[in-house]
Structures are given as structure tokens and as C-alpha cells.
Amino acid sequence: MHKRAYATVVAASGAVALLVSGCGGGGSSTGGSTGAAAPATTSSTTTTAAASPTTTGAPKRDANADLVIWTDADRAQAVTKYADAFGQENGVTVAVQISTDVRQQFKDATKVGQGPDVIVGAHDWLGELVQNATVAPINLSPDVTAKLAPNAVAATKFNGQTYGVPYAVENIALMRNTALAPDAPTTMDQLVAEGTKIKDASGGKVTNVLIQQVGKTGNAYYSYPYLAAYGGGIFATKANGDYDSTKLLVDSAGSLKGAAELAKLGKSKVLSTNVGDDNAEALFDAGKAPFFITGPWAQTNAKKAGIKYAVSNLPSLAGGGPMEPFLGVQMFYVSAKAKNPTIAQEFVTNYVTREDVQMALFEATGRPPALTTAYEKAAAEDPMVKAFYEAGKNGKPMPNIPAMNSVWGPLGQAAADVISGADPTSRFTAAQKEIAANIAKG
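This report concerns the structure included in the present document. (Residues numbered from 1 in each chain as written. Predicted model: local features only at pLDDT ≥ 70, side-chain atom pairs only at ≥ 80, totals over all residues. Heavy atoms only, no water.)

**Considering the overall build of the protein chain**
Secondary structure summary: the protein chain contains 16 helices and 16 strands in total. Expressed as a percentage of its 442 residues, the buried residues of the protein chain come to 57%. In the protein chain, of all internal contacts separated by at least 6 residues, the share reaching a separation of at least 24 is 76%. If you sum the accessible surface of the protein chain, you get close to 17,300 Å²; carbon and sulfur atoms cover 52% of it. (Helix = DSSP H or I, 4+ residues; strand = E, 2+ residues; numbered from the N terminus. Buried < 20%, exposed > 50% of the residue type's maximum accessible area, 1.4 Å probe, protein only. Contact = heavy atoms within 4.5 Å. Areas by Shrake-Rupley, 256 points an atom, 1.4 Å probe, with all protein chains shown as cover.)

What follows is the structure, encoded as C-alpha cells:
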């Protein structure tokens, strides 16, 4: 969903050997693995730059480690620091390895008995991982659970069972360049009017009214709030709140109204398939647009670029309500095939839930912590943390059922097509049929 940066380290200390063998994001892969050998264990801690990754291959499980953790490059340094401490305190050897595609590489490696004990990833992977019997239930005590945000805890559950320990929440909101747009628009009509005025008066310096990832194949994650603003969406929910994969909403009346809004914004060139994952942040960070629909992950590069920005709720749509984003949760999973399940459970339940660990991961990625005390500390230090949190507090959790895998491609492409000029009703009706057929295939 967003561009990730390379960041690799190698560290070794005492009882802990930490191996970095690749890099990239948990979603789209932008780099690969060198498959570098683990450094020899030494009596002191050292940190050196690793070679640039050259392949997208999966890391090879460190056979010498008692506990192996796979994560993406963004979180590797923070995870490594606390894995190091855990290893020293418990007298075990820990290896932290960077995966370019944690979800797929974890599934593939676990099938052949070479997977890690712990992975770091998004909550919407959960249904598929449970279905494939690759992750184990987590035993979080009631007192620890009470310290975490309730919506984050809810996202770790599947069929009533907890399968992960949350460390961060995330959602998209409206970021604006305050040098261009001092005031936040509350409606899309206001945003378009103000953004157009700014663009027209810029003498060509501002090229876009609004930056939103679309790309040639679309992006269902960013399209969903338009559908939700009119009461549409992807799946209906059951009486207990779970998503119902048998009841699709993609061609519902509300979703079609949202699709019509996407078409309208495409026709007026406010949205474009020329803006995607590869250039959205760069455009905003270059001062090319006053408004940017994005998540907390975009703050790091905006700050580096010297952009003065503020964050507010997504705008309301005419004839509908506020655009409501999906709520995402980042969490630690324990493998069902863990070599040392007791050690793995100890690490995720007693270390990941510590305030200092959650703060370190917040500082690494900018995502608001799931631990309440860590969130309050982060929000006190940075008002943008609270702004992102508030923008997503009414959002629904992103579906974590396996059927969601059948949605991303067809819905994203349908959105891209209507932004390019296709009829929204016929195109979204076709997308619903394609999604239903894919779900039926299993």
C-alpha cells in the first residue's frame, strides 16, 4: 500500500546472533535478499551496514538460532534491539531476518519446515494463515489485554480466538501541505474547489489537486472509503459483527454511488491512474499538491522533504456521509510450526506488549501504538499521531477473512477503470460477479 525504504543492519551479541538477509515491504516487494550468512557470535554488540539486496528470495532460516523472527526492513532495527535484549535475558539465541514478502515467504517456508517462529505483519492476513494452519493461538492474559486498544485486540481474533499480539494501528486520513492549504476542507467539494484554486494560482508549480494512489491496476484500499460514505462496502456483516463472505456489497446501491464519485473525480482529473504507489509520496513531498490521502507511513518522507503538514479526517461526500477508512492493525504472529513455541509465546506476549517496545516500533514506522499508554505518550509528543488516530476511530477493521484475497484485484481494477472513464454501474456490477466467482473457486 505504500512505498517502503531499504534499511538493513547486521548485529551480533553474546547469546544473540541477528541476521539480516534481505529487505523490502510486507506488501509489494521492492528489493531482495542477499542471503548473507549470520555473523559469528561475539562478546560485544556490533552494527554494520549490510550489502544492498539483490534478489527477492526468501531468507533461509538460521539453523543455529533458538528463536527466528521474520519482518520487513522498516521494523527490523526496532525488532532487533528488543530481540537482542530478550535473548540475553533468557539465555537463548535469536535471529531476526528481513523478508521481502513476509506473508508469502512465511507460508512457503512453513510448508517445508523451514519457516520462522515469529512473523510481523498485518491483521488481514489472519484468516488465510489460520485456514492454512500456519499460525498458533496466542494466550494473552486479561490484564495485558486490557492495556491494549479494544479495536486492535478485536482485529487479532478469528472465529473468537486470538492469534496475534497487536503493536500498532493504522488508517488513511487527509494530509495537507499547510503552506499551500492552511485550512482543512470538510467536504470533497470544498477540497476540489480549494485545490483547484491553489493549482491555478501556482504558475505550474502545483500539478495535482489531490494525491491518492490509484495506478493502472487500481487500489481497493483507497477506494473503499468512497463506497463506505454512501453505506456501501465489500462484505455485509453477520449479527456477531463478523464479515459475511456470502453477502457482497460491491454492486450495492451505496457502493455504486461511491463508484460514481470516483468516476466524477476521474473525469475532472482530480484522481488519475498516473498517480500510484511509485510516485504518490514523491509528488506530495515535492510540493506538487496541497492534499494527500495517505497513512502515517508517509510522514517520515514528508518530514525529510521539509513539508509543513497537518492531518485531518477524510472529507464527506455530497449526498452521503464522511469517508470512513479501513482500520488496519499490525501484529506479531507465532507460527503453528514454531521450533520453540514456548520461547516464541514468551517473546510476543511479554516483550511486544512493553511500552518501550511499542514506542520503538512507533518511532520506526510512525504508526500509532496499540498499547494505550504508549499511544498516549506518542500522541502527547506528536499531535499528528492523535490526528491519524481520530481519523480512523470510526473505521471498520479491514476484513481478515480468506475471501478478501478474491477482492483486492477485481475491485481495485474496477475503480481504476471508472476513474479512467468506464461506466461505474456496469463496471462495479462486473467486479461483483468476478469476486463472487473467485470466492466460489476457493
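Still more ground to cover, so stick around.
**A short note on the sheet that holds strand 16 (residues 328-334)**
In space, the 5 strands of this open sheet follow the order 5-4-6-16-9, with mixed pairing throughout. The outermost strands of the open sheet, each flanked by one partner alone, are strand 5 (94-98) and strand 9 (165-170). Put simply, the sheet's adjacent strands are angled 20° from each other on average, direction ignored. In this sheet, strand 6 (residues 118-122) lies alongside strand 4 (residues 67-71) in parallel orientation, the contact comprising 2 bridges. Bridge pairing in strand 6 places Trp 70 opposite Ile 119. (Pairing = 2+ DSSP bridges. Axes fitted to C-alpha atoms, helices over the stretch in contact; angles between N-to-C directions.)

**Considerations on the sheet that holds strand 15 (residues 309-312)**
With mixed pairing, the 4 strands of this open sheet are ordered in space as 11-14-10-15. If you trace the sheet from one side to the other, it starts and ends with strand 11 (210-211) and strand 15, each paired once. Bridge analysis of strand 10 (residues 173-177) against strand 15 gives 4 bridges, and the strand direction is antiparallel. From the neighbouring strand, Arg 176 faces strand 15, where its bridge partner is Ala 310. Here helix 14 (residues 383-392) sits on the sheet and contacts strand 10, strand 14 (291-294) and strand 15; the angle it forms with strand 15, its principal contact strand, is near 30°.

**Here we look at the pattern of salt bridges**
Following the criterion strictly, the structure yields 11 salt bridges and no others. Between Lys 303 and Asp 382 there is a salt bridge, and its shortest N-O distance comes to 3.6 Å. One end of the pair, Lys 303, is in helix 10 (residues 299-304); the other, Asp 382, is in the loop between helix 13 (372-381) and helix 14, with 79 residues separating them in the sequence. A residue is classified by how much of its surface remains accessible, and Asp 382, at 16% relative accessible area, is buried. Between Arg 354 and Asp 356 there is a salt bridge, with its nearest N and O atoms 2.8 Å apart. Residue classification places Arg 354 among the partly exposed residues on the basis of a relative accessible area of 26%. Here the residues in one salt-bridge network are Arg 103, Lys 107 and Glu 128, joined through shared partners. (Salt bridge = Lys/Arg side-chain N within 4 Å of Asp/Glu carboxyl O.)

**Brief notes about the packing of helix 15 (residues 408-419) against helix 16 (residues 424-441)**
Direction vectors running N to C along helix 15 and helix 16 enclose 170°, while the axes themselves pass 9 Å from each other. With respect to their mutual orientation, helix 15 and helix 16 come out roughly antiparallel. At the point where helix 15 passes helix 16, the crossing takes the right-handed sense. Residues Pro 410, Leu 411, Gln 413, Ala 414, Ala 415, Asp 417 and Val 418 of helix 15 lie in contact with helix 16, whose contacting residues are Pro 424, Arg 427, Phe 428, Ala 431, Glu 434, Ile 435 and Asn 438. Classifying every residue of the contact of helix 15 with helix 16 by side-chain character gives 9 nonpolar, 2 polar and 3 charged. (Parallel < 35°, antiparallel > 145°, perpendicular 65-115°, else oblique. Left-handed = near helix turned anticlockwise from the far one by under 90°. Nonpolar A, V, L, I, M, F, W, Y, C, P; charged D, E, K, R; others polar.)

**Considering the environment of Ile 343**
On the secondary structure map, Ile 343 appears in helix 11 (residues 341-350). Distance in space between the C-alpha atoms of Ile 343 and Val 92 is 8.7 Å, their sequence separation being 251 residues.

**With respect to unusual backbone geometry**
A positive phi angle, close to 55°, is found at Ala 133, a residue other than glycine. Take Ala 133: it is sitting in the loop between helix 3 (126-131) and helix 4 (142-145). For Asn 159, which is not glycine, the phi dihedral falls at a positive 55°. Note that Asn 159 resides in the loop between strand 7 (157-158) and strand 8 (161-162). The class for Asn 159 is exposed, based on a relative accessible area of 67%.

Limitation: the analysis is restricted to geometry and does not speak to function.
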